[in-house]
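Per-entry structural report
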Amino acid sequence: KLLNPANYHHCQNQCHQSCYRSSYEIGSRLLSTKASSIPPAEQPLPPDASEFPEWAHEPRDFFRFEILHQSEKSQARVGRIHTPHGTIDTPGYVAVATNAALKGVDFRDADQAGQQLIFSNTYHLMLHPGSEIIREAGGIHKFTNRDRPFITDSGGFQVFSLAYGSVHEELSSKGELKRASRGSKRANSNGSGNPVKVSENGVVFRSYRDGSKFLLTPESTVQAQKDIGADIIIPLDELPPYHIDRNALVESVDRSHRWEARSLKEHLKNINNQAMYCVVHGGVDRELRTKSVDYLTSLPFDGYAIGGSLGNGKQELKELLDWMMPQFDEGERRGKPRHLLGIADEESIRNAVVRGIDTLDSCYPTRVARHGTLLTRNVSLKIRSGRYSRDFGVKIDDKCNCSTCQHYDRAYLWHLFKANEPLAVALAAQHNIHYMNDLMKDIRQSIIDGEI
């Protein structure tokens with residue numbers, strides 16, 4: 001086959017898969033000696049890459065990533081992701097619209113501010129209005145009347161948050177199990193005990209809306225995301241907490257690999273002009289992260305998401321990316337986009353971009369806006385402070401051209417927040433979304449100019 005250039009990619013890939021399969025089996029046996037509480041027979045290996053069809057490894061005609069400029073100073077790069085609903089400039093910020101709606105900002109205003117990719121949550125959309133409703137509407141683009149790119153997750157993050165609480169709660173409690181929402185409390189009052197039950201098949205959880213039981217499997221979450229119709233979708237994975245026994249982390253990583261492979265197989269039955277990113281796991285454990293990178297990049301995913309526990313602070317995240325991200329520059333891995341899940345404050349963005357991250361999602365800009373924090377090029381403004389009560393004619397940010405800065409000054413925004421006017425949140429959120437997109441535009445230019 002090597003004599004035929006057309007078969008070179010396939011043969012090279014098969015060779016890599018065979019070598020990796022052996023290393024995975026050896027590594028899993030070594031790790032299983034530490035995780036001896038569960039018999040090996042109950043911990044099957046994830047499917048080999050050879051179980052996926054050859055055509056699945058070929059480039060997609062509807063989804064493409066191109067690298068426009070590579071920094072000579074760092075791993076930073078400027079690129080462009082092409083999707084059926086438009087392009088995404090990278091590095092790029094991804095705004096979070098949990099229920100297919102940004103908090104306080106209309107999609108039209110966000111688009112005008114330069115927002116390209118929007119992140120919505122499958123878990124919430126499955127519970128309401130239901131993925132079938134969105135399918136009947138013609139998919140999320142028609143449902144929201146927004147003809148730009150969307151990405152949806154599998155729902156796994158929200159489900160496991162029912163068990164462990166938010167990331168902040170889990171870290172601050174040092175692993176104590178929490179009931180993170182009123183929905184889980186309601187479920188507990190019905191006598192269900194733990195609101196989340198994990199098995200090889202998937203995860204059973206109770207709706208935060210009415211306490212009803214749901215089974216989320218690798219196949220069902222993909223089917224829901226087919227109904228929703230986002231441009232980029234995510235396979236089901238398990239999100240273990242930061243504070244976890246290593247034996248349990250080993251089991252969780254292996255289970256995520258099996259679930260993600262099952263999700264990918266389901267996806268390939270009906271690609272539907274959608275790309276699927278894998279989710280690399282392993283916590284801050286170098287051995288497990290490397291194992292996850294090696295296995296998942298051997299499968300025909302269209303991009304790579306960095307997920308799981310990403311450390312107990314910004315410094316540990318930096319250290320994790322320092323030793324992990326160079327692995328994504330090896331061979332053909334370099335040609336696929338990389339997404340950092342759930343982290344996009346400005347400091348973390350800058351730290352991630354120089355380490356080769358292409359896109360990042362977070363509700364941070366709209367969340368802090370609801371609490372009166374306005375992002376600027378100098379320092380964030382806590383606009384509720386009385387120090388701004390007489391800032392007549394002073395914009396939030398001198399260099400910002402968003403509609404909020406064009407029409408309102410700091411004194412008026414101070415008044416709106418102190419008076420608890422709903423308009424305050426809308427104006428603040430609109431400014432913060434605009435600021436984030438200006439920030440990413442400046443970062444892209446700085447990479448091209450050789451400054452990063």
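1. Overview of the overall build of the protein chain
For the protein chain, the count of helices and strands is 17 helices and 16 strands. Taking all 452 residues of the protein chain together, the buried fraction comes to 55%. Sequence separation of 24 or more characterises 67% of the internal contacts of the protein chain that already satisfy a separation of 6 or more. When the accessible area of the protein chain is evaluated, it comes to approximately 19,600 Å², of which 49% is carbon and sulfur surface.

2. Observations concerning the pairing of strand β12 (residues 303-306)
Burial of the side chains of β12 extends over both faces: G303 and A305 are buried on one face and Y304 and I306 on the other. Sheet analysis places strand β11 (residues 275-280) next to β12, joined by four bridges and oriented parallel. What sits directly across from C278, in β12, is Y304. In this view, the connection linking β11 to its parallel neighbour β12 by way of helix α11 (residues 286-296) has right-handed handedness. Note: β12 against strand β13 (residues 338-340), three bridges, orientation parallel. Each residue of the ladder has a partner; that of Y304, found in β13, is R338. Read from β12 through helix α12 (residues 314-324) to β13, the crossover connection turns out right-handed.

3. Some details on the confidence of the model for the protein chain
Averaged over the protein chain, the pLDDT score is 87; the fraction of residues at 70 or greater is 83%. For the stretch residues 1-41, pLDDT sits under 50, and the model shows 52 contacts to residues farther than four places along the chain or on other chains. In the model, residues 176-192 has pLDDT below 50 throughout and makes 35 contacts with residues more than four positions away in sequence or in other chains.

4. Quick word on the pairing of β11
The element β11 is extensively covered by neighbouring structure, given that six of its six residues are classed as buried. Residues A275, Y277 and V279 line one face of β11 and the alternating positions M276, C278 and V280 line the opposite face, and both faces are buried.

5. Examining the side chain of R255
Checked against the element boundaries, R255 lands in helix α10 (residues 246-269). In contact with R255, not counting residues within four places along its chain, are V198, S199, E200 and E238.

6. Side note on α12
Every buried residue of α12 is listed here: E316, L317, L320, L321, W323 and M324. Buried-residue contacts for α12 involve β11, α11, β12 and α13 (346-353).

7. Notes on the packing of aromatic side chains
The geometry of two aromatic rings is summed up by the distance between their centres and the angle between their planes. Scanning the entire structure with this criterion turns up six aromatic pairs. With a centroid separation of 5.4 Å and an interplanar angle of 20°, the aromatic rings of Y408 and Y412 are classed as stacked. For Y408, a relative accessible area of 29% puts it in the partly exposed group. Through a chain of ring-to-ring contacts, the aromatic side chains of Y123, F205 and F214 assemble into a single cluster. Positioned over the ring face of F107 is R146, at 5.7 Å from the centre of the ring. Geometry around F150 places R146 over its ring, the cationic atom sitting 5.2 Å from the centre.

8. Remarks on the environment of V105
The topology assignment puts V105 in the loop between β4 (92-96) and α2 (107-112). Owing to a relative accessible area of 7%, V105 belongs among the buried residues under this scheme. With 261 residues separating them along the chain, V105 and T366 place their C-alpha atoms 8.5 Å apart. Leaving out residues up to four positions away in the same chain, V105 has contacts with A110, A429, Q430 and I433.

9. What about helix α9 (residues 218-228)?
Taking burial as the measure, the eleven residues of α9 include nine buried ones, the bulk of the element. Of the residues one or two after α9, G229 is the one with positive phi, at around 85°.

10. Here's the deal with the packing of α11 against α12
At a closest axis distance of 11 Å, the pairing of α11 and α12 adopts a crossing angle of 50°. If you check the angle between α11 and α12, you find them oblique. For α11 against α12, the interelement crossing comes out right-handed. Seen from α11, the contacting residues are R286, R289 and V293; seen from α12, they are L320, W323 and M324.

11. Observations concerning the side chain of Q430
Take Q430: it is sitting in helix α17 (residues 422-448). Separated by 2.3 Å, the side chains of Q430 and S403 make a polar contact. Every residue in contact with Q430, bar those within four places of it in the chain, is listed here: V105, D109, S403 and T404.

12. Quick notes on the pattern of salt bridges
In this structure the tally under the stated criterion is 25 salt bridges. Between R135 and D227 there is a salt bridge, with its nearest N and O atoms 3.3 Å apart. Here R135, found in helix α4 (residues 131-137), pairs with D227, found in helix α9; they are 92 residues apart in sequence, far enough to count as distant. Given the relative accessible area of 16%, D227 is considered buried.

13. Overview of the sheet that holds strand β9 (residues 213-216)
Spatially, the three strands line up as an open sheet ordered β7-β8-β9, and their pairing is antiparallel. What marks the edges here is a single partner per strand, and that holds for β7 (196-198) and β9. Taken over all neighbouring pairs, the strand axes of this sheet differ in orientation by 20° on average, direction set aside. For strand β8 (residues 203-206) and β9, the ladder comprises four bridges, and the chain directions are antiparallel.

14. A few points about unusual backbone geometry
With the exception of glycine, the majority of residues adopt a negative phi angle, and the majority of peptide bonds are in the trans configuration. Put simply, T90 and P91 share a cis peptide bond, and its omega is 0°. In this fold, P91 is placed in the loop between β3 (86-90) and β4. Note that the residue after H128, namely P129, is joined by a cis bond; omega there is 10°. Looking at the element boundaries, P129 is found in the loop between α3 (122-127) and α4. Here the phi dihedral of N145 falls at roughly 55°; this positive angle occurs in a residue that is not glycine. One can find N145 in the loop between α5 (140-144) and β6 (150-152). The exposed category is assigned to N145, whose relative accessible area is 61%.

Rules and cut-offs
- Residues numbered from 1 in each chain as written.
- Predicted model: local features only at pLDDT ≥ 70, side-chain atom pairs only at ≥ 80, totals over all residues.
- Heavy atoms only, no water.
- Helix = DSSP H or I, 4+ residues; strand = E, 2+ residues; numbered from the N terminus.
- Buried < 20%, exposed > 50% of the residue type's maximum accessible area, 1.4 Å probe, protein only.
- Contact = heavy atoms within 4.5 Å.
- Areas by Shrake-Rupley, 256 points an atom, 1.4 Å probe, with all protein chains shown as cover.
- Pairing = 2+ DSSP bridges.
- Right-handed = clockwise from strand over helix to strand, strands pointing away.
- pLDDT = per-residue confidence, 0-100.
- Phe/Tyr/Trp six-rings, centres within 6.5 Å; stacked < 30°, edge-to-face > 60°.
- Lys NZ or Arg CZ within 6 Å of the ring centre and 35° of its normal.
- Axes fitted to C-alpha atoms, helices over the stretch in contact; angles between N-to-C directions.
- Parallel < 35°, antiparallel > 145°, perpendicular 65-115°, else oblique.
- Left-handed = near helix turned anticlockwise from the far one by under 90°.
- Polar contact = N/O pair within 3.5 Å; in protein donor to acceptor, adjacent residues only side chain to side chain.
- Salt bridge = Lys/Arg side-chain N within 4 Å of Asp/Glu carboxyl O.

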